[in-house]
Structure formats: structure tokens, C-alpha cells
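# Architecture and fold: a report
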Amino acid sequence: MATPIASSSSSSSTKPFFTPLFSSSPSPSSSRPSSLLSFHQHPTSTPTSLKLSHSHRNSHSLSVANALKTEEVISLSNFENLEDLISEDRPSILVSEKLGDAGLQVLSGFGKVECCYDLSPEELCARISKFDSLIVRSGTKVTRQVFEAAKGRLKVVGRAGVGIDNVDLHAATEFGCLVVNAPTANTVAAAEHGIALLAAMARNVAQADASMKSGKWQRNKYVGVSLVGKTLAVMGFGKVGSEVARRAKGLGMNVIAHDPYCPADRARAIGVDLVSFDQALATADFISLHMPLTPTTAKIFNDQTFAKMKKGVRIVNVARGGVIDEDALVRALDNGTVAQAALDVFCQEPPAKDSKLVQHENVTVTPHLGASTKEAQEGVAIEIAEAVVGALNGELSATAVNAPMVPAEVLSELAPYVVLAEKLGRLAVQLVSGGSGIKSVKVTYRSSRNPDDLDTRILRAMITKGIIEPISSSFINLVNADFTAKQKGLRISEERVVVDSSPEVPIDSIQLHVSSVDSKFASSISDNGDISVEGKVKYGVPHLTCVGAFAVDVSLEGNLILCRQVDQPGMIGKVGNILAKHNVNVNFMSVGRTYRRKQAVMAIGIDEEPNKEALNEIGDVPAIEEFVFLEL
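Remember, predicted model here, so these are calculated numbers, not experimental data.

Attention shifts here to the pairing of strand S10 (residues 178–181). Burial along S10 is two-sided: the face carrying Leu178 and Val180 and the face carrying Val179 and Asn181 are both buried. As paired strands, strand S9 (residues 156–159) and S10 are joined by 4 bridges and run parallel to one another. If you follow Arg159 over to S10, its bridge partner there is Asn181. Note on the crossover from S9 through helix H5 (residues 169–174) to S10: the handedness is right-handed.

With that settled, consider the environment of Arg596. Within the secondary structure, Arg596 sits in the loop between strand S27 (586–593) and strand S28 (599–606). Assessed through its relative accessible area of 66%, Arg596 is described here as exposed. Measuring from C-alpha to C-alpha, the distance between Arg596 and Gln568 comes to 8.7 Å, with 28 residues separating the pair along the chain.

Attention shifts here to the packing of helix H18 (residues 571–581) against helix H19 (residues 612–620). How two helices sit against one another is set out by the angle between their axes and by the gap between those axes. Running from N to C, H18 and H19 cross one another at 165°; their axes reach a closest spacing of 10 Å. As the angle between them shows, H18 and H19 are arranged roughly antiparallel. Like other packed secondary-structure pairs, H18 and H19 cross with a definite hand, here right-handed. Together, Val575, Ile578, Leu579 and Lys581 of H18 and Ala614, Glu617 and Ile618 of H19 make up the contact between the two elements.

Here Thr231 is to be found in strand S11 (residues 231–235). For Thr231, a relative accessible area of 9% gives the class buried. Of note is the side chain of Thr231, whose polar atom sits 3.1 Å from the side chain of Asn254. Each residue touching Thr231, except ones within four places of it in the same chain, is listed here: Asn254, Ile256, Thr283, Ala284, Asp285 and Phe286.

In this structure, Ile510, Leu544 and Leu560 are the most contacted members of the largest nonpolar core, which totals 51 residues. In terms of residue count, the dominant contributor to this core is helix H15 (residues 408–431) (10 residues). The contacts of Ile510, once residues within four sequence positions are left out, are Tyr417, Leu420, Ala421, Leu424, Val443, Thr444, Tyr445, Ile463, Val533, Glu534 and Gly535.

Another aspect to go through is the packing of helix H2 (residues 101–108) against helix H14 (residues 374–392). Following both chains from N to C, one finds H2 and H14 inclined at 15°, their axes separated by 7 Å at the closest point. Here H14 runs roughly parallel to H2, going by the angle between their axes. As H2 runs across H14, the sense of the crossing is right-handed. Residue-level inspection shows Asp101, Ala102, Gly103, Val106 and Leu107 of H2 in contact with H14, the latter providing Glu378, Ala381, Ile382, Ala385, Glu386, Val388 and Val389. Of the residues contributing to the contact of H2 with H14, the split by class is 8 nonpolar, 1 polar and 3 charged.

Our next topic: the environment of Ile561. Residue placement: Ile561 occurs in strand S26 (residues 559–566). Taking C-alpha positions, Ile561 is 9.5 Å from Met589, a pair spaced 28 residues apart along the chain. In this structure Ile561 touches Leu579, Met602, Ala603, Ile604, Ile606, Pro610, Leu615, Ile618, Phe627, Val628 and Phe629, once residues within four positions along its chain are discounted.

Let's shift gears to unusual backbone geometry. Cis geometry is adopted by the peptide bond preceding Pro350, which originates at Glu349 and carries an omega value of -5°. Positive phi is not limited to glycine here, since Asp118 has a value of about 60°. Considering the arrangement of structural elements, one finds Asp118 in the loop between strand S7 (112–115) and helix H3 (121–127). Since its relative accessible area comes to 75%, Asp118 is described here as exposed. A positive phi angle is found at Lys299, which is not glycine, with a value near 55°. With respect to the helices and strands, the residue Lys299 is situated in the loop between strand S14 (286–289) and helix H11 (303–307).

Thresholds applied
Residues numbered from 1 in each chain as written. Predicted model: local features only at pLDDT ≥ 70, side-chain atom pairs only at ≥ 80, totals over all residues. Heavy atoms only, no water. Buried < 20%, exposed > 50% of the residue type's maximum accessible area, 1.4 Å probe, protein only. Helix = DSSP H or I, 4+ residues; strand = E, 2+ residues; numbered from the N terminus. Pairing = 2+ DSSP bridges. Right-handed = clockwise from strand over helix to strand, strands pointing away. Axes fitted to C-alpha atoms, helices over the stretch in contact; angles between N-to-C directions. Parallel < 35°, antiparallel > 145°, perpendicular 65-115°, else oblique. Left-handed = near helix turned anticlockwise from the far one by under 90°. Contact = heavy atoms within 4.5 Å. Polar contact = N/O pair within 3.5 Å; in protein donor to acceptor, adjacent residues only side chain to side chain. Core = buried A, V, L, I, M, F, W, Y, C linked by side-chain atoms within 4.5 Å. Nonpolar A, V, L, I, M, F, W, Y, C, P; charged D, E, K, R; others polar.

In C-alpha cells:
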């Protein structure tokens, strides 16, 4: 009999992930401050941490902790020139792009700050090994070569702003370097710029200004449209999107929003209704874009989506240029589908001088000024400075965007379960339909091990990653998973259930229950009304083993099609033939049923993404009652 052992939520306290990298609290027995320096060496398969501490001028010790061995302490009392080894107590911080004075003051109070602007990639690589932290904006490329040149000394990279496209996160993690950003300080500035573009576009401010400066007086040509009573669709209801909505309502606009994640009650709290993507397109007089650039949202505004919009719609984009197919937007402007556009961001920045979009008479453009206010720049400077200082002090940063080092043996044992956890999260979020968003997820781990021997933080983080990342620009890891979930109104509770299985296997199964949501695939609803998916690791490969009340057995590799059908002969062959006709390779197939000749669920693992024609043919099979395609 399975027995529930423990239950916890994402808001519970966790053990600290770091020891302080630098500490400057004075020692009572020394005129010098005590210090603690730690760094990670990753190139080997057994991560090693080194800590150098001293509390007396002539008493020092070197502590080497190996992930697979016990800690050894080596006396350094007889080492000469020890001061050269520890350099100084204060860390060295390189600022490679202009940062506000307030931020520099915060940094200077903690460490040695050196400002070197306009460094070439070669110059940066030549200098970086002398610094413990690097602070950049968008102009400096922090590549793998930079981390290699740092030779293990670089511990924190701070990005003064939101986007981190210019930082190689994989290399940063590999070399044990924490990356932090400043995502909140420019929220109001970006929202204000969005409203400024909205009003300027509606009243032809930029065009009228250019006309007058060329000596013309064209009052009749630049008749605008009113904002009062018009419907604004906010596409992406995060920090900036919600601030735009508040301001638009103050202008008398009717505001709706689409966000596949945002809880409906959060939107209703400021008088905004969440709607589907297509409903937002068909209803809006104005559309303001605030969605992140992800593989899912890249060029999501294209010929097909423009065709679904109300004729004469007006579009504002202060988010990411890549969410719009710029050639398609030009076509929509030319044929009148889109009356006007106001753009602060572009696919290529700066755009080409002869860009048809930039030069279009019905387009208002600005050179990525969303965060360009004095107040926002100072706020960003302070936010990133505090994040860097906190990270160097060993504090968990809420704005960390990559994971700390994890001992090799832990990763080795949990590696397939980490993959399983993320893929179950991805499956769950894709099964949710409607605009309500996910609020609560219950995770059940079944294991023969004592709960105290089963640290599920990394698994919870990967479930959070699977749920949030496909529909957000957030980067989820051990550091920020719980914080990000809380910020987005997502509560993840955990239950550990003891089962009779091999103690050599850390986890027998992982089950996700998503409550209070509708599903695109009704068969995924369990008896208690929740979306339910369950998986196991078999032969080192993650498998989906249960959907709703239906037992299945399919490898979670490639993509997945779930079909509910009448349980009758020939169904596997029919669907298989359709996929084969469209050159889609099946890598795994499993059928689970409730009763003989009643209903069954067929789970089909496929290597390629089927085209719409193939999916339509599957849906047209008379015995198939419902189906869904899921990207893993």
C-alpha cells in the first residue's frame, strides 16, 4: 500500500546553494578583514570547490572539497607570498559599458571597479582573467572565448537590462559562472514608451512633424483616430503588458489581453479580460505586443495572423522585433489590413537604411528607446549592481538566469529524471486550453527511498521550466525556479509516496496534476477533474505511462500525437499509413484502453512535425473522437 510521506510547496524554505564568494566582515583578532574565496573548476568530471580563508595574518588554511571525496585541509602556514595568492580581499569588477553613477557607487562600496568602455573582443579576452565579475549592457558579447580566457576566475556576469542574447549561457554554466540581469527597473519606462507610440501613431504626430518641418501645412491629410472607446489587445500580460493596460484604461480604452499563462483573476483585478489569441486578433482596434521572443513566438505575426485581424487595425511593438514577420507586415500595410504600425524594435538592429518597413509612410519608428529614460537607466544600474554584489556575497539572486554547479554524481543519477520532469511539464502546459492559465500543479514522486534522501529541487525546477519556458522568455533553473513560479502565480506542491521498488532506482514515477483548467484533450482529465500525466524512466529513457485514466507506454523522444478512438481493429494501421504518406516517421506507439471495444487512447511518438494536411486526415478518421499534437 502506497503511503504519502511528505508534502511541500514552492514557497517552502530551501538550503542555500552557495557559500559566499567574498565576505568582508572584520575579524576581531586581525586588523585585516577576514575573507572567503571560493571557485569551481568544471573541466573535469568531478567538480571541485576551493576555499581560501584567513582570520589571522600568519594563520591560513586551504580547504579542497571534491564532490566525490571528503574534505581535506592543507596547512599553508609556511607558504611564501601568500598575499599574492589571495591578491586582495575586495573582488575586482569590470564594467565594459556605461553604467549609471548610482550603480557604480554600490559596486565601489564592495569591490575594486574598473570601467573600460568600447573594448574589442580581443581586448576583453586579454583582460578578463584579472576580474571576478563583468557587467555589460547589450553591446558587449560575452562569448565562450571570454569564459575560456577568464581561466576560472570570472564568477558573475551582470547584464544591465533584460535581454541576455549577448551572453553565452551554456558556456557560463559550464565554467561555473552565475549570470544575473536587471529585469524590473525599466518596466515603467517601456510601458510609457508603448503608450507614447500608441498616441503618436493614432494622431500621426511623427508624420505631421516631418511635414511641417519640410514647409508644408497639411491639416486634412493627418486626421487621426480617437483612443476612447477603442479596443486594445495586449499580447503578453507580463510586467510591461499589465502596465500598458493600466495606462490604456486611463485613456478610456477597452482592454483585452492574451497570455497563455497569466491567471484570469490577475487580469480581472485591473479590469482586463483574458481572451484567446484568435479572439484578440479579430476584436482589437489596436494591438500592443509584449510577448517574449521564443521559438514559439518567432514571426507569430505573419500573413496568416494578419489575415485574421480586423481591417484597419493598428499595431505597436516595444517588445521584440522577431515576433513580427516584417515582410508580411509591409504587405499588410500596403493592402490596408494594418492601417498603421509603431515600432521600437526590429529583427535586425539597426535596420537597413533602405528598409521598406522603416520607410513606410504609415509606420512610426524609434531606435529601441523603450528603456531610455534617465530614471530607468539609474534604476537598472542600481538593480544590476545589487544583484552582482549579492551574488559575490553568495546570496541567491532572484534575477539569476543560469544554474549553479551541481555535483557530478547527483546529475548522473538524476539526469534521465531531469529530462522526464521537464517533458512532463511541457506536455501539461500544451494540454491546457482557454485563457485561464495554470495556477496550481501537484507533483507526486513515487520512490522506495526515504524522503530525506530524495532532493527534488532540481526536478521541481525542471517541471517549472517545462511549464513556463515554452510560453515565456524566462530562463528557469535551480536558482530562480521557485521565485519565477511565485511571480507568475504558479503554485507547485510536492508529495512523496513510498512504494515497494528497487532502492537503486531513485524515483519510480513522477505524476503531474494540473487543477482548475480546461484541456485540449478531454481524455487527459482524471477522475478528480485535473489534467493528469505520469511518466517513468525505462532503460535510461523517459516514457509517458499514463494520460488521464488511460495507461500508455511511449518514449518521450521527438514529438507526440495523442488520439482518443473507438477501440476497433485497424486503427493503428490507419493512422500509421497517414503519417507514412506524409513522410513522418513513427518511433514508438502504444495503445491504452478502458474496456474492450469501448474507448482507447493511442500515443504515437514521431520524429518530425506533421503538416496540417496530415493532422486534418487523422482528425477525419471516423473512429477518432479527439486528438492533439504535442511538441516535446
